[in-house]
Structure formats: C-alpha cells, structure tokens
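One letter stands for each residue in the lines below.
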Amino acid sequence: MNGPATDPEALRERALAALLAARDRTTLLTTCVEDSELTAQHSPLMSPLVWDLAHIGNQEEQWLLRAVAGRDAMRPEIDPLYDAFEHPRSERPSLPLLAPAEARGYAAEVRGRALDVLEKTPFRGTPLTDAGFAFGMIAQHEQQHDETMLITHQLRSGPTSLTAPDPEPSPPFAGPDEVLVPGGPFTMGTSTEPWALDNERPAHRRLVPPFFIDTTPVTNAAYQRFIDDGGYEEMRWWSPAGWAMVRQNNLRAPLFWRREGGQWLRRHFGSVEPVPADEPVLHVSWYEADAYARWAGRRLPSEEEWEKAARHDPVTDRSTRYPWGDADPTPERANLGQRHLRPAPAGSYPAGESPLGVRQLIGDVWEWTSSDFLPYPGFAAFPYREYSDVFFGGDYKVLRGGAFSVDAVACRGTFRNWDHPVRRQIFSGFRTARDAGPTETSAPEAV
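Note that the structure is predicted; figures quoted are calculated from it, not measured. (Residues numbered from 1 in each chain as written. Predicted model: local features only at pLDDT ≥ 70, side-chain atom pairs only at ≥ 80, totals over all residues. Heavy atoms only, no water.)

1. A word on the overall build of the protein
When its secondary structure is counted, the protein shows nine helices and 14 strands. In terms of overall size, the protein behaves like a compact globule, its C-alpha atoms giving a radius of gyration of 22 Å where 447 residues would be expected to give roughly 22 Å. With respect to the principal axes defined by its C-alpha atoms, the protein has extents near 65 × 55 × 40 Å. Of all intrachain contacts in the protein linking residues separated by at least 6 positions in sequence, the fraction that spans at least 24 positions is 77%. A total accessible area of about 18,000 Å² is found for the protein, and carbon and sulfur atoms account for 53% of it. Each charge class in the protein can be summarised by its mean position, and for the 46 positive and 63 negative side chains these summaries are 2 Å apart. (Helix = DSSP H or I, 4+ residues; strand = E, 2+ residues; numbered from the N terminus. Rg over C-alpha atoms; globule rule 2.2 N^0.38 Å. Contact = heavy atoms within 4.5 Å. Areas by Shrake-Rupley, 256 points an atom, 1.4 Å probe, with all protein chains shown as cover. Lys, Arg positive; Asp, Glu negative; His and termini not counted. Charge placed at Lys NZ, Arg CZ, Asp CG, Glu CD.)

Next comes the structure, spelled out in structure tokens:
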C-alpha cells in the first residue's frame, strides 16, 4: 500500500489480515508455556498472561460485538475483572479469572462472531465504522497486549520458551554520527491515517529550530563507556528524581545486565549472552537515557524533533507516513512484529532511512524523547476517554518509533507511546540530539 487505504473493501481485507495476525501472535505467546506459567504473576509490574488473553477477548466483544453490531453481552459478569482501570496489575492474580482453557474458548468464540460482524459491517455511517476504525483499533489493542505479554516472557524466570531467527547480518555502519535537521515548520500528527488513535490527531503545523540528531540509536558499546566512566556514580549527570532512583535501587547498568568475568552479560528471554556491542541499548529508563545524554554533552530529542526527523521531507515539505515514504513497512525497511527477538545492529535497514539519512527510526527499540505526554491542539477523545485523555499531564514521557516487539499495525510515524520515566522492563532505548549552532549548516563527516 502506497498510502492510507480509503477503499472500503481494501480496508476490510486489511482489517481481516490484521486481526488474524494478532491472534496468531497471541496464540504463540500463550501456548509456548505450560498453563501454570499463564496463571502465575512473573512480576508485580505485569499481569498474569491469562489475564491479558481474556482481556483481549473482552475488549473485542465490547467494541466489535456490542458497540458496532449492537449485540447482547456474552459474559457481562466478567467485564469488571478485565477492566484495566478497575484493578491494578499487582492485584489481578487474586481475582477469579477465567482459567486458561476457558479464556481460550471465550476469546475464540468472540473472534468467530467478530469475523462475522466484520464481513457484514459497512465501513461508513458512524465514527466507529468509518474506514473500519473499530476493527483497526481492536487489532492494535491486541498487538499492544501481545507486546506486553512479550515483556512478561522476558521477565519470567526459567528456560527460554520463544525462538526466532536473528536479524540478517549487515555491513558495519560507516555513515556520519549525526544528521542536521533543518529548521522550519512541518506538519505533525495526522488527520488522514484511518486507524490513527486519538492522541495522534489532528495534524497541525509545528515550528522546529534546526538541530542535530543521532543517525542511529545509542548502542550498547556507547552506553558501556558511560558506565565505565562512572556514569551511575556521578550525581551531576542525573535529574534529582533519576539520582534518587539510582541510589534507592543500587543501579549500575541497564535492566538484565550483570558483570561477570570481566565482561557484561545480559539475560535475554531465558538465556544468558554477552551484551552485543553493536545493538541499540535496551531496557533503559528515561532517567538513564537523560543521564547518558547529559554525560555525552547532548540531550534527548523532543517529540516534535523526533517526528520531524522521521517524517519530514525537506525537498517536498511533506510529512510522510514513515521515514522511507508512504508505503507500509516491509522486512527490508524495519525490524517489527516479533520477527526477531532483538534489535538489529545500529545502522541496519538502509532501505528504511529518512530523506535526511536517519536510520532505524521505526522498529528495533522504542526511543525515549524529552517530551511530556500532552494532547495536540484540537485534541478530541475518541472513542473513549481512558485511552489517552486520563494520562495527559502526569509524569509520563513520550516514546516514539516502536521496537522489534511492535507490529506494523500499531506503529507509524505519528504513533505515540508513553510511560513513567522509571520504566525499564519495556523495550526502550534512545538516541540523542543537540541544538545546531548559528554557523552550522551541515553534519560533520564520519570519523
């Protein structure tokens, strides 16, 4: 697809493919371990996997069967159990949840009925059905929970239960360390992407001064230099809240890292491996990303800077759907969809670079920005306030770009993720930026 589909039948086919792909992934994540692993809570930060499974089915029932098709509730008594706002994750294991077999049966029955609704629903007439929005929303919701379940798989102890091939080897990146993004206005957000969520809307113009941004995400090797230089021991690099987090938790490295025999090792989906020097650093909090940037004499990019680097074509003054243009992601352009269980080496995917030459802006690792999570001018909550509106104005920081754990249906140049700045279990990394000086007109040559 070269741009957002508008033909109803093309959108219907896209919705069907997205729903089926999400369910295939959900099935993989919930059948690769014993049922006892599904009902266990592997971290107080995460739900039991069986909760996510039934929650996926319950949301699909509420929006596709009840809201779109007007059907009676199948299991109204379980709605409160799977309301994410009614029960925090730490309490969910104590709830009378559906057992694994019952949860699978419920989700499968909902899906069978939902596919019938998809076949019969006109993709016009109401905000929920226009362009098949509700179906796209549910596919994205399931993929977001699949990512959450993948995080749980990384947190659980015991041997690995998931396998995937590593990314294809690529030549070492030999391009410049940073790229100049010219100053000026650009169009941020979207009013045309059919399945964009409310916080991505509406499109609006932003004026961004010139700045430099890293060509690739910060690597493990670069982050190790920060550690070796005493980065976790020097208060001057940290915000007050970040320094308090370091001291209270005795942090010395990213989550899952440990020092052994003179080298850094990390736990990765049930196995232990040397930390790969050329991969983007993973499992760092916003506070750690911010401290590294200060140590490096740089800063985190703002959300508008990140999106301008990812979407703006300075030749045409257009904001494209993705860094490479309007076409959908492909394996040659981005590392998405749990096709691999790790980021590709920094500098990979030349076919996915932006017009200015910035790489890996989509896929591989979520990238922390300096920005708080706030609404765009003209924001309107849809289809429910709890998706975005209730999170605005807290301590949430915006992440952009998706990761290897994110499916393409839930990842685009306008997509906004957010989390607390202390979070490290998510598949988060970062790149840095700096202001352009008054005499700087081009990026330095590679060294």
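Once the structure has been displayed, the description carries forward.
2. Regarding the packing of aromatic side chains
Across all of its chains, the model carries 30 aromatic pairs by this definition. Judged by centre distance (5.3 Å) and plane angle (55°), the rings of Phe391 and Trp418 are tilted. Within this pair, whereas Phe391 is found in the loop between strand 10 (366-372) and strand 11 (397-400), its partner Trp418 is found in strand 12 (residues 417-419), the two being separated by 27 residues in sequence. Among the aromatic residues, ring-to-ring pairing joins Trp63, Phe85, Phe373, Phe379, Tyr384, Tyr387, Phe391, Phe392, Tyr396 and Trp418 into one connected group. The ring centre of Trp51 lies 3.8 Å from the NZ or CZ of Arg92, which sits over that ring. One cation-aromatic arrangement involves Lys397 over Trp286; the distance from NZ or CZ to the ring centre is 4.6 Å. (Phe/Tyr/Trp six-rings, centres within 6.5 Å; stacked < 30°, edge-to-face > 60°. Lys NZ or Arg CZ within 6 Å of the ring centre and 35° of its normal.)

3. So, the environment of Arg247
Along the chain, Arg247 turns up in helix 7 (residues 240-249). A relative accessible area of 51% means that Arg247 is categorised as exposed. Taking the C-alpha atoms as reference points, Arg247 and Gly57, separated by 190 residues in sequence, lie 41 Å from one another. (Buried < 20%, exposed > 50% of the residue type's maximum accessible area, 1.4 Å probe, protein only.)

4. Here's the deal with the sheet that holds strand 6 (residues 263-268)
With antiparallel pairing, three strands are arranged side by side in an open sheet as 5-6-7. Looking at strand neighbours, the two that pair on one side only are strand 5 (257-260) and strand 7 (271-274), the edges of this open sheet. Within the sheet, the average angular offset between the axes of one strand and its neighbour, ignoring direction, is 35°. Bridge count for strand 5 against strand 6 is four bridges, and the pairing is antiparallel. Following the sheet pairing, Arg259 is matched in strand 6 by Trp264. Packed on one face of the sheet, helix 6 (residues 220-228) meets strand 5 and strand 6 and runs near 125° to strand 6. (Pairing = 2+ DSSP bridges. Axes fitted to C-alpha atoms, helices over the stretch in contact; angles between N-to-C directions.)

5. Details of the nonpolar core
Ranked by internal contacts, the top residues of the largest apolar core, which has 118 residues, are Phe135, Tyr223, Trp238 and Phe430. Residues in contact with Tyr223, not counting those within four places in the same chain, are Val218, Tyr232, Pro254, Val281, Val284, Glu288, Tyr292 and Phe430. (Core = buried A, V, L, I, M, F, W, Y, C linked by side-chain atoms within 4.5 Å.)

6. Some remarks on the sheet that holds strand 14 (residues 433-435)
Taken in spatial order, the three strands make up an open sheet running 1-4-14, and their pairing is antiparallel. The two strands at the open ends of the sheet, each matched to only one other strand, are strand 1 (178-181) and strand 14. Neighbour-to-neighbour, the strand axes of this sheet turn through a mean angle of 25°, independent of strand direction.

7. Some remarks on helix 8 (residues 286-295)
Burial analysis of helix 8 places eight of its 10 residues in the buried class, which makes it a mostly covered element. Close packing links the buried residues of helix 8 with helix 6, helix 7, strand 10 and strand 11. Two residues or fewer after helix 8 comes Gly297, characterised by a positive phi angle close to 75°.

8. Section: the environment of Val33
Position of Val33 among the secondary structure elements: in the loop between helix 1 (8-31) and helix 2 (35-39). Accessibility expressed as a relative area gives 10% for Val33, which makes it buried. Taking the C-alpha atoms as reference points, Val33 and Pro185, separated by 152 residues in sequence, lie 50 Å from one another. Setting aside chain neighbours within four positions, we find Val33 in contact with Leu38, Leu49, His153, Arg156 and Ser161.

9. Quick word on the pattern of salt bridges
Within the structure shown, the criterion is met by 44 salt bridges. With its nearest N and O atoms 3.4 Å apart, the salt bridge here joins Arg236 to Glu234. Given a relative accessible area of 32%, Glu234 falls into the partly exposed group. Several salt bridges share partner residues, and in doing so they unite Asp166, Arg266, Glu273, Glu279 and Arg342 into one network. (Salt bridge = Lys/Arg side-chain N within 4 Å of Asp/Glu carboxyl O.)

10. Notes on the pairing of strand 6
Every regular strand shows the same layout, with side chains that alternate between the two sheet faces. Where strand 5 folds back onto strand 6 in an antiparallel hairpin, the turn is made up of two residues, including Gly261, whose phi is positive at roughly 60°. Alignment of strand 6 against strand 7, held across four bridges, turns out to be antiparallel. Each residue of the ladder has a partner; that of Arg267, found in strand 7, is Val272. Counting the residues that bridge the hairpin from strand 6 to strand 7 gives two residues, and of these Phe269 lies at a positive phi of roughly 50°.

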